[in-house]
Amino acid sequence: MQHQRFKPRHSAIRQATAILIALTVAGSGGQAWAQSNATATIFGEVQSPAGATVVLENLATGAQRTLTPDASGRYIANSMPPGRYAARVVRGGTVQATREIEALVGGGAEVNFAAAVDAAATVVVRGARTLIDVSSTNNGVVFTARELKALPVANDIASVVQLTPGVARGTNSQYGSAPQIGGSGQSENAFYVNGFPITNILTQVGASELPFGAISNMQVLTGGYGSEFGRSTGGVVNITTKSGGNKFEFGGKLSTLPRGLKGTTASTYFPNTGANPKTDGKLLYANQDNGSTSKTIGLYGSGPLIRNKLFAFVALERTKSDSQSVGASTETKASDLRTGWGTSNTEVNRYLAKIDYNLAEDHHLEYTKLYDRTTTRSQAYGYSYATQSSTGVPGGSGETTINCCGAASAPGADIDVLKYTGYLTDNLTVTALYGKSRTIHRRSPEGYDPSLPQISSTTAVQVPGLNYPSPQTVTGNLVDPNSGDEQKGKRLDVEYRLGSHSLRAGIDRIDVDSRVGLGLAGGYRWSYHKDAPNAQINGANQTLAQGGGFGTQGYYVSRDYYSNLAHPTSEQSAQYIQDHYQITDRVLLDLGLRREQFTNYTSNGDAFISQRNMIAPRVSASWDYNGDGSLKLSFNAGRYHLPVPSNLSSNMAAPFTSTSEFFTYTGVDPATGAPTGLHALGTKPYSANNAYGQSRDAREVTAIGLKPLSQDEFAFGLEKAFNKKLVAGASFLYRRLNDTNDDSCDQRPIDAWATANKVDTSNWGGFQCAIINPGRDNALWIDFADGKGLRRVDISAAQWGNPKPERTYRALNLFVEHPFSNGWYGKVTYTLSALKGNMEGQTDTIGGGDVGLTVSDDHKELMYNAYGYLPGDHRHAIKAYGFMQVLPELTVGGNLALTSGAPRNCIGNLPDNLRFANDYNSAYFYCKGVATPRGSQGRLPWQAQLDLNLAYTPRYAKGLSLKVDVFNVFDRQTTTRYNETYNDGSGISRNYLQVAGRTSPRSVRLTAEYEF
């Protein structure tokens, strides 16, 4: 497959160079630092700098970096690996002063040295990180390994992200546990490990996981991130892993969440609709026996392979879970109850290896290997509602799945990342990164033989006296065995300090290659039929009787093929430049510009989405008001773009085969069930919908000049350190959606255009949907099958009838924090927010649909009354977490979340005067024939969850830790979602306002950990 790859143009290079020059000549003097969100920065000032150098030593690895302060005594070390450092002032070969500091990912650590110290003396100050980081203009928070270990939080990325203000749990279980950050959709976040993207390759929903104990820092950016980051209109989750050092360290843990200590899952009942007396208030699902037990074993080890030179860190983790749940309702037919109880055994294997090599004092090489794979084996059994228990009788074959199928929040991965950092001079740093990620999606039913075709027959279509065996145990479609994703990422960053400017520029590129789709199990299916002997089947050139065999009695057979295997690829590239301009000692101005290109290709290698030259300016400022880091004022503004996930092309531009070949037959193979004595009724396969394995013309899939999804953002912030034990702050965030991409399937505007332009559409197969910019004029290429080929069809926004997309998010965040001191740490945040609009973004809670292909814009009536409070709107959110060492051997931790309920809707049929052929029935913001605007039906209840833990570290067994975590202490199973579909046909649905989601019941995690 040949693609037209993106090549940097000379004009683009000249423009970037001109910007660099313009920025560098803007000023001199002052203090500046270029801060990467993937590393840390250490900076400060040395009084009496003449003859002095500053040596920064990583306390774990012994790696050193030597810097010479400028004439004013200032120094800056960019792109430093996060960790603890010793900063030393050396003069004449003598260490005059030493400070110890912790540098966190994406942050700045300030180390100042006051008046000259007696050469014979060495002062050591052991300090924690600065209370307020005045060098950062980001909005977010960093969690350290110590905090993650001490807090009662589930051991996954999404659960940690939930601790951050402005983050809500995803509103649609279709997209897993992926969070909504700052009012964004669940597909709008970006995730990184050691600078490499780990976001779900296929759908952009969720991310790969790593052994939880391997996390060193987790930075959650809820907005305001610089121009080096893109491909996100939500948040950025930036993780750095632990590394080996000069000390050998080993450890392990055993953890379990036993079913016996979990709360009982609440059963589900039919709602009281008042219109369905046969079901109102009655049991629907008996969930009391649902439950699971999981056990985790983890091991890690680290140390030097060559002291001060080569280091390794390895973490291994395996989790096994056994779960069971009812899958049949009280309405399930007796014949289907044989598969009404499901069990599954899941094994999650994760490991991480990190190799660090100090090539020389100024050159560092690191390699990261990350592996994440989930394998689930499931089996169905019979279920009896008479006893409300499983019968224990297997019903159908079990199956094994591996990270299946394009999993929303747990995609799995096999990742390799190589990164080089070169400190070429005190002022010039270069970093280069290359990584590769692979995922697989497998579904293997037990006993499945891929060489056996399916057999489909019933008594009514069988020749009397013949046996029709069906040895293939699997029916329907299976995930194609070649399904999987591959991603290659390249990145180059250059940092240069010139006077009061610290410049950072770079280029990156991601290439995505996916294989996704379905095919008939066994490759094809023999389907037996019966009709009148004189019938002539579609695609046939003779009647059944003329075909002979049992055709004289009306019996015939078809060989059916179905395949929807796509091979979508995409390219995402970007160039950026950033100037951190220290206007004065107290004021930092951050100016950034990002240019992005997104291209999506069909399975044939044709570009069907090509979004170029997308310019995203970013500006932010930080004001150290008092000059001592005790009061910080900040401002952010910027534009952000989001690419289209590659799964969209697997839906819109994939080769599709659905054909049948028709035969009469004279017999049936008693072993395979295949027909014998075949006589073809036609000369070629027949497809009712013209699906002969071809792809749509790439030019017909999307609107001409399609604009990307983009969002503008503005933020203001204030932080005040009252003393070393109390920090408080407030921030305001405003986000506005500008454009989005979505599919429209409304043929009416096109029919009107064809009529107005006198186009013959008698041979046209109809409109198959296309990706457009809702609310804008859109032009499409369409072939009306009139012999004139593709022609441009211009349809105005008014003719489409879809409104311009709206989504605004306003949030006021307040926090009070007690930094760790006197044996305890605590933080309380309150968020007052409003999320309002007429669409959620790439994902849709109400109508569902794949990412980037929501139901919202399929036709204009779906957007009537669609403006209101969106499903992710939670007006009030209080989060509090912390831990305290109450005794030398005893630590307690807590995590409290109080969140107001989301808005409710009523979704029903269009009024009679608005109904049209092929409308979507109960899918509109109308109930009882009356408009019911989005979010107008009240609110869900408040959600309240308290998690607590207790850790015991006995003195008599150094390194041993025993811990118990209790999640949802009060076992509040609050409703998080209702079924909002009002109509079932013309009447009131018996499931209207049925509980569709609850918070998980109480669970207890027991952990034993040993470090030595």
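Residues numbered from 1 in each chain as written. Predicted model: local features only at pLDDT ≥ 70, side-chain atom pairs only at ≥ 80, totals over all residues. Heavy atoms only, no water.

Quick word on the overall build of the protein
And then number 1: Helix and strand counts for the protein come out as eight helices and 62 strands.
And then number 2: For a compact globule of 1012 residues, the expected C-alpha radius of gyration is about 31 Å, and the protein comes in at 31 Å, within 12% of that figure.
And then number 3: With respect to the three principal axes, the spread of C-alpha positions in the protein is 110 × 70 × 60 Å.
And then number 4: Looking at the protein as a whole, 55% of its 1012 residues qualify as buried.
And then number 5: Look at the contacts in the protein between residues 6 or more apart in sequence, and 72% of them connect residues 24 or more apart.
And then number 6: Summed over its atoms, the accessible surface of the protein is roughly 41200 Å², and 54% of this surface lies on carbon and sulfur atoms.
And then number 7: Here the protein holds 94 positive side-chain charges and 86 negative ones, and the gap between their average locations is 3 Å. (Helix = DSSP H or I, 4+ residues; strand = E, 2+ residues; numbered from the N terminus. Rg over C-alpha atoms; globule rule 2.2 N^0.38 Å. Buried < 20%, exposed > 50% of the residue type's maximum accessible area, 1.4 Å probe, protein only. Contact = heavy atoms within 4.5 Å. Areas by Shrake-Rupley, 256 points an atom, 1.4 Å probe, with all protein chains shown as cover. Lys, Arg positive; Asp, Glu negative; His and termini not counted. Charge placed at Lys NZ, Arg CZ, Asp CG, Glu CD.)

Some details on helix α7 (residues 748-756)
And then number 1: Regarding α7, the residues found buried are Pro749, Ile750, Trp753 and Ala754. The arc that holds the buried residues of α7, viewed along the axis, is 140 degrees, so those residues lie on one side. Facing away from the buried side of α7 by more than 90 degrees, the exposed set consists of Thr755 and Ala756.
And then number 2: Close packing links the buried residues of α7 with β47 (778-783), β48 (790-795) and α8 (797-800).
And then number 3: Following α7 by one or two positions, Lys758 has its phi on the positive side, about 55 degrees. (Arc of directions from axis to C-beta.)

Structural notes on a nonpolar patch on the surface
And then number 1: Together, Phe714, Phe716, Phe732, Leu812, Leu814 and Leu832 line one region of the surface with nonpolar side chains, adding up to about 490 Å² of accessible area.
And then number 2: Only β43 (709-723) and β49 (807-821) provide two or more residues apiece to the nonpolar patch.
And then number 3: The topology assignment puts Leu814 in strand β49. (Patch = residues over 30% accessible without salt bridge, like charges linked within 9 Å, V, L, I, M, F, W, Y side chains within 5 Å. Salt bridge = Lys/Arg side-chain N within 4 Å of Asp/Glu carboxyl O.)

Notes on the confidence of the model for the protein
Close inspection of predicted coordinates is inappropriate for parts of the model with low pLDDT.
And then number 1: For the protein, the average pLDDT comes to 91, and 94% of its residues sit at 70 or higher.
And then number 2: Note that residues 1-35 has pLDDT below 50 and, in this model, 91 contacts with residues that lie over four places away or in other chains.
And then number 3: Residue range residues 116-129 is modelled with pLDDT below 50. Its contacts to residues more than four positions away, or to other chains, number 30 contacts. (pLDDT = per-residue confidence, 0-100.)

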